[in-house]
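Spelled out, the chains give:
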Amino acid sequence: MSKSQQRKGRSGKLELMRILQQYNIPAEPGQGSTPDVVGVPGIHPEVKRVERLNVPEAMAQAVRDASRFGDGIPTLFHRRNRSPWLVTMQLEDWLKLYRK
């Protein structure tokens with residue numbers, strides 16, 4: 001991964017973190033081998049800030065990491081340049097949240 005890609009990924013995590021904080025969610029950037037963003041209760045955020053995203057592959061990573069960290073429902077936050085943030089979840093997980 002190039003340095004510019006790493007910078008873009010890091011800036012995407014910080015951007016999402018700031019948005020979540022505006023909604024009083026105590027999100028903080030992950031460090032090293034931690035999740036991308038920490039402090040989102042019940043959610044394991046996987047953050048992708050790319051133009052071409054392989055959603056099934058990224059979601060599989062979110063599922064693996066959520067199991068590894070045990071921090072919540074695997075949730076993919078992603079956006080392209082000049083586009084809004086999108087959130088992708090497995091339907092089963094979304095239904096659990098909706099029922100609450």
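Here goes a summary of the coordinates provided. Starting from 1, residues in each chain are numbered consecutively following that chain's sequence as written. At least 70 in pLDDT is required for a residue's local features to be given in this predicted model, at least 80 for side-chain atom pairs to be given and counted, and no such filter applies to totals for whole chains, interfaces and linings, which use all residues. Neither water nor hydrogens contribute to the side-chain values; these are computed over all heavy atoms in the structure.

Looking now at the overall build of the chain. Strands are runs of DSSP state E lasting at least two residues, helices are runs of H or I lasting at least four, and both sets are numbered from the N terminus onward. Within the chain, the regular secondary structure consists of three helices and five strands. Sequence-ordered secondary structure for the chain, helices as α and strands as β, is α-β-β-β-α-β-β-α. Throughout, radius of gyration means the C-alpha value; the globule benchmark is 2.2 Å times the number of residues raised to the power 0.38. For the chain, the C-alpha radius of gyration of 13 Å lies close to 13 Å, the compact-globule estimate for 100 residues. Burial classes: relative accessible area under 20% of the type maximum marks a residue as buried, over 50% as exposed, and values in between as partly exposed (1.4 Å probe, protein chains only). Buried residues in the chain amount to 33% of all 100 residues. Every residue pair with non-hydrogen atoms within 4.5 Å of one another is taken to be in contact. Contacts spanning at least 24 positions in sequence make up 46% of the contacts within the chain whose residues lie at least 6 apart. Using a 1.4 Å probe, accessible areas were evaluated by the Shrake-Rupley method; residue-level cover was limited to the displayed protein chains. A total of about 6,800 Å² of accessible surface is found on the chain, and carbon and sulfur atoms cover 53% of it. Positive and negative charge centroids in the chain, built from 17 and 10 side chains respectively, lie 6 Å apart. The positive count covers Lys and Arg only, the negative count covers Asp and Glu only, and His and the chain ends enter neither. Each charge is placed at NZ for Lys, CZ for Arg, CG for Asp and CD for Glu.

Attention now goes to the nonpolar core. Soluble globular proteins tend to bury their nonpolar side chains together. Put simply, buried Ala, Val, Leu, Ile, Met, Phe, Trp, Tyr and Cys residues joined by side-chain atoms within 4.5 Å make one nonpolar core. Listed in full, the 12 residues of the largest apolar core are Leu14, Leu16, Met17, Leu20, Ala27, Val37, Val40, Ile43, Val47, Ile73, Phe77 and Trp85. Those elements that provide at least two residues to this core are helix H1 (3–22), strand E3 (43–49) and strand E4 (73–79). At four residues, H1 tops the list of elements feeding residues into this core. Every residue in contact with Val47, bar those within four places of it in the chain, is listed here: Gly12, Lys13, Leu16, Asp36, Val37, Phe77 and Trp85.

The next thing to look at is H1. Every α-helix carries 3.6 residues per turn, so stepping three or four residues along brings you back to the same face. The span one expects for a helix is its residue count, reduced by one, times 1.5 Å. An ideal rise of 1.5 Å per residue puts 28 Å on 20 residues; H1 measures up with 29 Å between its terminal C-alpha atoms. Positive backbone phi, approximately 60 degrees, marks Asn24, located one or two places after H1.

Right, let's get into the sheet that holds E3. In this scheme, strands are said to pair when DSSP sees at least two bridges between them. With mixed pairing, three strands are arranged side by side in an open sheet as E3-E4-E5. The strands lining the two open edges of the sheet, one partner per strand, are E3 and strand E5 (86–89). Averaged over neighbouring strand pairs, the angle between their axes works out to 25 degrees when direction is ignored. To get an axis, a line is fitted to the C-alpha atoms, and for a helix only the part in contact is used. The angle between two axes follows their N-to-C directions and goes from 0 to 180 degrees. Taken strand by strand, H1 contacts E3 and E4, and its axis lies near 135 degrees from that of E3. Against the sheet, helix H2 (residues 55–69) contacts E3, E4 and E5, and its axis sits at roughly 145 degrees relative to E3.

Attention shifts here to the packing of aromatic side chains. Two rings belonging to Phe, Tyr or Trp (six-membered ring only in the last case) form a pair when the distance between their centres is within 6.5 Å. Interplanar angles under 30 degrees mark stacking, angles over 60 mark edge-to-face geometry, and anything in between is tilted. All told, the structure shown has one aromatic pair when counted by the stated rule. A centroid spacing of 5.1 Å and a plane angle of 15 degrees characterise the contact between Trp94 and Tyr98, whose relative ring orientation is stacked. Pair noted here: Trp94 and Tyr98 are both in helix H3 (residues 91–99), with a separation of four residues, about one helical turn. On the basis of relative accessible area, Trp94 is assigned to the partly exposed category, the value being 42%.

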